[in-house]
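# Structure assessment
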Amino acid sequence: NTMQTHMQTSGLDATSTARNIAKDGPLAATRSLYRALGPTVARLGARQGLKFGSGATIKQALPPSMPEVARDAIAGGASALTATTLLFPLDAIKTRWQVGMGYPAFRQLYQGLQPAATYSSCGMALWVVSRNALERNVPDPRSGSVWVPWKHFLCGGLAGMFVQIPFFPCDTLKKRLQASDRPVTMLQEARVLHADGGLSRFYRGFAVKCAFTALNGAIFNTVFVYVRSALLRRGVGVSGGHPVGERS
């Protein structure tokens, strides 16, 4: 994630980014790569809890007559927007620390919220809808097969990759705005990036992000499905209003 942030903010490729980080030796490079570990872990843990906790509540409140895909998208998008807004200051600290900057000033705590809100809400809605569609349509492996987990791993991973194709430019804009010490609008920054390299400039770091989100989505979906199934087998109540659906 630190490599990806450097690539998005600087516009350099992976090789040049790695060389820049490693130029002062392995110890300094390790410190640079893990400098933002604290706010990253805190943000990820709180974000997942907020997203999927609030998502279940939102989905249950929606009219049952509404199509399932619409309920999934609305619940996922709204919960992600809530989590992003509440935790954005932590995200700002994380991004600035990753590129070697200090704490953001008070006025900078929410700089870049607009593209972040678009990325998280639309991205989560697409992830939930894609994941549920894949879970419904990918055939179940044979009962008792050692390959059973791979269906859920595949569905979560592919859904994570689908999200990045349309929405990755929003993440690039967010990080550029967070790492800027001068007040700048999203439109102004978009023009700067486009002038610097056209559409491809918005996708610098795309491969790294795809790998990260695919693995993250795959692991999350696999663990979620099996924990939920285990709880149901033990008779523990699990809300059917969860934003990632009822099917396991």
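You'll find the structure just up there.
Residues numbered from 1 in each chain as written. Predicted model: local features only at pLDDT ≥ 70, side-chain atom pairs only at ≥ 80, totals over all residues. Heavy atoms only, no water.

Of the regular secondary structure elements, the protein chain holds ten helices and zero strands. Taken from N to C terminus, the helices and strands of the protein chain fall in the order α-α-α-α-α-α-α-α-α-α. The C-alpha atoms of the protein chain give 19 Å as radius of gyration, which agrees with the globular expectation for 248 residues (18 Å, within 12%). In terms of principal-axis extent, the alpha carbons of the protein chain reach across some 55 × 40 × 35 Å. Across the 248 residues that make up the protein chain, the buried fraction comes to 45%. Within the protein chain, residue pairs in contact and separated by at least 24 positions form 74% of the contacts whose partners lie at least 6 positions apart. Accessible area of the protein chain: about 12300 Å², with a carbon and sulfur share of 66%. Looking at the protein chain, you have 28 positive and 12 negative side-chain charges, and the mean spots of the two groups are 3 Å apart. (Helix = DSSP H or I, 4+ residues; strand = E, 2+ residues; numbered from the N terminus. Rg over C-alpha atoms; globule rule 2.2 N^0.38 Å. Buried < 20%, exposed > 50% of the residue type's maximum accessible area, 1.4 Å probe, protein only. Contact = heavy atoms within 4.5 Å. Areas by Shrake-Rupley, 256 points an atom, 1.4 Å probe, with all protein chains shown as cover. Lys, Arg positive; Asp, Glu negative; His and termini not counted. Charge placed at Lys NZ, Arg CZ, Asp CG, Glu CD.)

Evaluation of the coordinates by the stated rule reveals zero disulfides. Looking at the unpaired Cys122, the closest cysteine sulfur is the one in Cys170, lying at 7.4 Å. (Disulfide = S-S within 2.5 Å.)

Let us now look at the packing of aromatic side chains. The final tally for this structure, using the stated rule, is eight aromatic pairs. A ring pair is formed by Trp97 and Tyr103, whose centres lie 5.2 Å apart and whose planes are at 70°; its orientation type is edge-to-face. A ring pair is formed by Phe168 and Phe206, whose centres lie 5.6 Å apart and whose planes are at 85°; its orientation type is edge-to-face. Remark: Phe206 occurs in helix 10 (residues 206-233) and Phe168 occurs in helix 7 (residues 148-178); sequence separation between them is 38 residues. The exposure class of Phe168 is buried, given its relative accessible area of 0%. Phe206 gets classed as partly exposed once you look at its relative accessible area, which sits at 24%. (Phe/Tyr/Trp six-rings, centres within 6.5 Å; stacked < 30°, edge-to-face > 60°.)

Counting residues in hydrophobic clusters, the biggest one holds ten residues: Phe52, Ala80, Tyr119, Met124, Trp127, Val128, Ala159, Val163, Phe167 and Cys170. Looking at this core, the elements with two or more residues in it are helix 6 (113-137) and helix 7. For Ala159, the residues in contact, after removing those within four places along its chain, are Trp127, Ser130, Arg131 and Leu134. (Core = buried A, V, L, I, M, F, W, Y, C linked by side-chain atoms within 4.5 Å.)

Turning our eyes to something else, we now look at the environment of Ala159. Here Ala159 shows up in helix 7. Ala159 sits 36 residues away from Gly123 along the chain, and the two C-alpha atoms are 9.8 Å apart.

Applying the stated criterion across every chain, the model contains ten salt bridges. When the shortest N-O distance is used, the salt bridge between Glu68 and Lys59 registers 2.8 Å. A residue is classified by how much of its surface remains accessible, and Lys59, at 0% relative accessible area, is buried. Between Lys174 and Asp91 there is a salt bridge whose closest N-O contact spans 2.6 Å. Here Asp91 lies in helix 5 (residues 68-98) and Lys174 lies in helix 7, a separation of 83 residues in the sequence. When sorted by exposure, Lys174 lands in the same class as Asp91, which is buried. Salt bridges linked by common partners bring Arg43, Asp91, Lys94 and Lys174 together as one network. (Salt bridge = Lys/Arg side-chain N within 4 Å of Asp/Glu carboxyl O.)

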